[in-house]
Structure formats: structure tokens, C-alpha cells
Amino acid sequence: MNAQAQTTQRQWQLRKSGDAPPRLELVELPVRQPGEHEVLVRVHAVSLNRRDVYVKMGRYPGPMRANLVPLSDGAGEVIATGPKATRFGKGDRVAAIFFQGWQEGRFKSEHLATALGGAVDGMLSQYVTLNENGLVAIPKHLGYEEAATLPCAGVTAWNGLVTRGHTRPGDFVLLQGTGGVAILGLQLAQALRARAVITSSSDEKLARAKQLGAAVTINYKTTPEWDKAVLAATDGGGVQQALEVGGKQTLGKTLASLAPGGHVALIGGLSEFGGDIPAYALMGRNATASGLYVGSRADFEALNAFLEQHQIKPVIGRVFEFDDAPAAYDYMDSGALFGKVVIRL
Ligand SMILES: NC(=O)c1ccc[n+]([C@@H]2O[C@H](COP(=O)([O-])OP(=O)(O)OC[C@H]3O[C@@H](n4cnc5c(N)ncnc54)[C@H](OP(=O)(O)O)[C@@H]3O)[C@@H](O)[C@H]2O)c1
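Before going into details, it helps to say that this report is about the structure given with it. Just so it is clear, the model here is predicted, and its values are computed rather than measured. (Residues numbered from 1 in each chain as written. Predicted model: local features only at pLDDT ≥ 70, side-chain atom pairs only at ≥ 80, totals over all residues. Heavy atoms only, no water.)

### Here we look at the sheet that holds strand 9 (residues 195-200)
Whether parallel or antiparallel, the strands of a sheet pair through hydrogen bonds between backbone atoms. With respect to topology, six strands assemble into an open sheet ordered 10-9-8-11-12-13, the strand pairing being parallel. Of all strands in the sheet, those with a lone pairing partner are strand 10 (216-219) and strand 13 (288-291), marking the two edges. Strand-to-strand, the axes of this sheet are offset by a mean angle of 15 degrees, without reference to chain direction. Looking at chain direction, strand 12 (residues 258-266) and strand 13 are connected through four bridges and run parallel. Bridge pairing links A265 to S290 in strand 13. Helix-sheet contacts for helix 3 (residues 150-163) involve strand 8 (172-176), strand 11 (239-244) and strand 12, and the interaxial angle to strand 11 is about 155 degrees. In the packing of helix 4 (residues 180-191) onto the sheet, contacts are made with strand 8, strand 9 and strand 11, and the angle to strand 8 comes to roughly 160 degrees. (Pairing = 2+ DSSP bridges. Helix = DSSP H or I, 4+ residues; strand = E, 2+ residues; numbered from the N terminus. Axes fitted to C-alpha atoms, helices over the stretch in contact; angles between N-to-C directions. Contact = heavy atoms within 4.5 Å.)

In C-alpha cells:
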């Protein structure tokens, strides 16, 4: 489709009425042509994160735009550029970055107000008009659907394991569940020549994780004291890295699973955000905990270079059509999720 010819588009918005949680509504509205430093992107694929489910339930902390276009993650093709935009040209394949304002360096509080699909309109739209600095080129070996899985879960897993974690070959890496962050984390751990220890509520999903290279698999439902199983599987030494996505119910066991000198990336709240870290649990083991909130454009570019170098393709569990977006949300809670859920446009 040609941007000049295309003047209207369809997009999903989260509409709120009264005290009820927001509802997804498909609306038709004009395509906004790019301003000076902006780029118009024809979106070809988007992906869901657990955050998007919380946003739809009205349970996500932080600033939230009215009639929000949801979803932070998407990839597409540049079809028009503003008069002063120089980073991309027509036909370039791009993905949006989670915090549109965070290019590199330290995180600042003002970046919070630039989160796609939260503070500002997101990607569940046929077209988006974004500042050229809010985009990255997508790796050559990935299609749009694969690239759309990366901006939130991918960058977070990368920062947990590499930027903050400095994972080394031979390290044990703890991954919780088989959702977006954990499965990309498993693929990164493999490429880093680390040993993945993964938990799941499903033996069938654990078998799939094993096929992806997991060294140790533990069912956290049938083995509620899974931290002991982690220690047993690591000869009592524990894991050097942990991507903590479980939250309140898992944090204590994650700390109990941590090796001396280990690192835990505090990422998620699948069982509610929160939990306590007793100081000695870290101090006594010379261990580190770092709070992570996705990452910058520079982090995303570093992830993409690594994925290309190792020819890693993210795992897509299921793909939905644009008109079936509400079903994609339902699928996230169906118990069938493995890896990422994608919507194609
Ligand atoms: N801080 C950040 O920047 C950041 C970035 C991305 C995500 N997050 C957070 O990280 C968490 C994971 O996000 P996601 O998008 O990867 O989620 P997701 O794709 O929805 O993954 C959900 C999976 O996690 C597993 N799970 C559910 N409850 C669990 C529990 N109590 N203990 C262990 N595993 C559990 C389940 O796997 P099985 O079916 O295999 O049991 C479930 O399928 C969410 O809380 C999200 O908000 C934070």
C-alpha cells in the first residue's frame, strides 16, 4: 500500500467507560503523515507481552493514555519519511523501541512518559508515525513476525543476561516459565554457551524447552520446592544468573537458588510484583540484584547484532490475524502459551 494513497487506517484502541476495565474497540481514523523528524511505518506484525494483559485489565502501574492504542512491540516497513528524517528510507524494515525517548545511557524518569502502549499510543494499528529515533533496523535473518517479538521481552532478557548479568560460558541460568522473556532468555543462554535451568507448570512445555537446549527442566507445580531441585541439579552450587519473572511468590526461591557471586535480574510479577530481598541473602554471597525495565535503543541494537551473529530466531507460539486481536489476548491466559504471541497485519 502507498502512504500517499492510504489516508485512513484501522486501529485497536482501549476504550474505558465508568469503572469497568478498558475494552478493545476497532476504530477507523486518518493516517498521520510524518512531521519533520518522523517516519511513517506500515506495521506488519505486533506481539503481546504480559504487560499488555495488565494494561487491558487496567492494572498496570504508571501513566496511561486515554483511548490508548495498546502494545509496545511491533515491526514494519518505512513507507514515508519527514523532510528532516535521515536515519531510515522508504522500504527499510524497522521495529519500534519500548521507551521512545530512551536512546542510550542511564535511564531517566522522563523516559517513563515515552513508553509505547502505555503512556503513549502503541503498535496495534495498521500505520504508526514515530520519531525516527524511536526505531531500530531489524536483523536481516528475521521476518516481521519474528522481529515483532523483540522490543520488550527480547531487550529485557538481553539486559538481564548480558548488560547486567555478564553471563559467561558454563554459567547456570535460571528461567521461570515458558513465556516471552524466559524462552528468549533460553535461546540467548544457549548462544552464550551457558546452561539453562527452566521451570514450567507443564511437562509438555518442558519437553519443548529441552528441545531448545535446556540443560535442566523442573515442573514448579509438581515440585513446589523447586529451589531445592535447582540446587540438586547444579551440584549444590546454584545458578549464576536468574531472570526473575515470577515476582512475589518466586523471589525467595530464586534467591535460595542463587550461586555465590550470582546475579538476579528483577523483572516480573507473574504472581504479583514485589517480594523482599533480605540483605544478607545477597551480601553473604557477594551476589547482585538489579531492577530492570526493558532497555534503551542501544540495548536493542546490541541484541539485534547478537541475534544476527548467532542466527537466532525467536520462538513464536501462535499467530493471530489483526481482526482477532481480542482472541490473542485471551490466548495469553489460556495456559497454552509457549514463547511469543504475534498478531499479523
Ligand atoms: N521489567 C521489565 O522490563 C519486564 C519486561 C518484560 C516482562 N516483564 C514482566 O515479566 C513477567 C513475564 O513477562 P512475559 O511477557 O515473559 O510473560 P508471559 O509471556 O505471559 O509468560 C507467562 C508464562 O510464565 C509462566 N508463569 C506464570 N506464573 C508463573 C509463576 N508463578 N512462576 C513461574 N512461572 C510462571 C507460565 O509458564 P508455564 O506455562 O510454562 O508454567 C506462563 O505461561 C511479567 O510479570 C511481565 O510483566 C517485565
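So much for the structure itself; the text now carries on.
### Some details on the nonpolar core
Among the nonpolar cores identified, the biggest contains 50 residues, and L175, L186, L188, I198, L243, F300 and L303 are the most heavily contacted of them. Of all the secondary structure elements, the ones that give two or more residues to this core are helix 3, strand 8, helix 4, strand 9, helix 5 (203-211) and helix 9 (297-310). In contact with L186, other than residues within four places in its own chain, are L175, A196, I198, A209, L212, G213 and A214. Listed in part, the 36 residues of the second largest apolar core include V69, V94, L116 and L124. (Core = buried A, V, L, I, M, F, W, Y, C linked by side-chain atoms within 4.5 Å. Buried < 20%, exposed > 50% of the residue type's maximum accessible area, 1.4 Å probe, protein only.)

### A few points about unusual backbone geometry
For H166, which is not a glycine, the phi torsion comes out positive at approximately 50 degrees. Looking at the secondary structure, you find H166 in the loop between helix 3 and strand 8. A positive phi is found at V294, a non-glycine position, where the angle reads about 50 degrees. Here V294 is to be found in the loop between strand 13 and helix 9.

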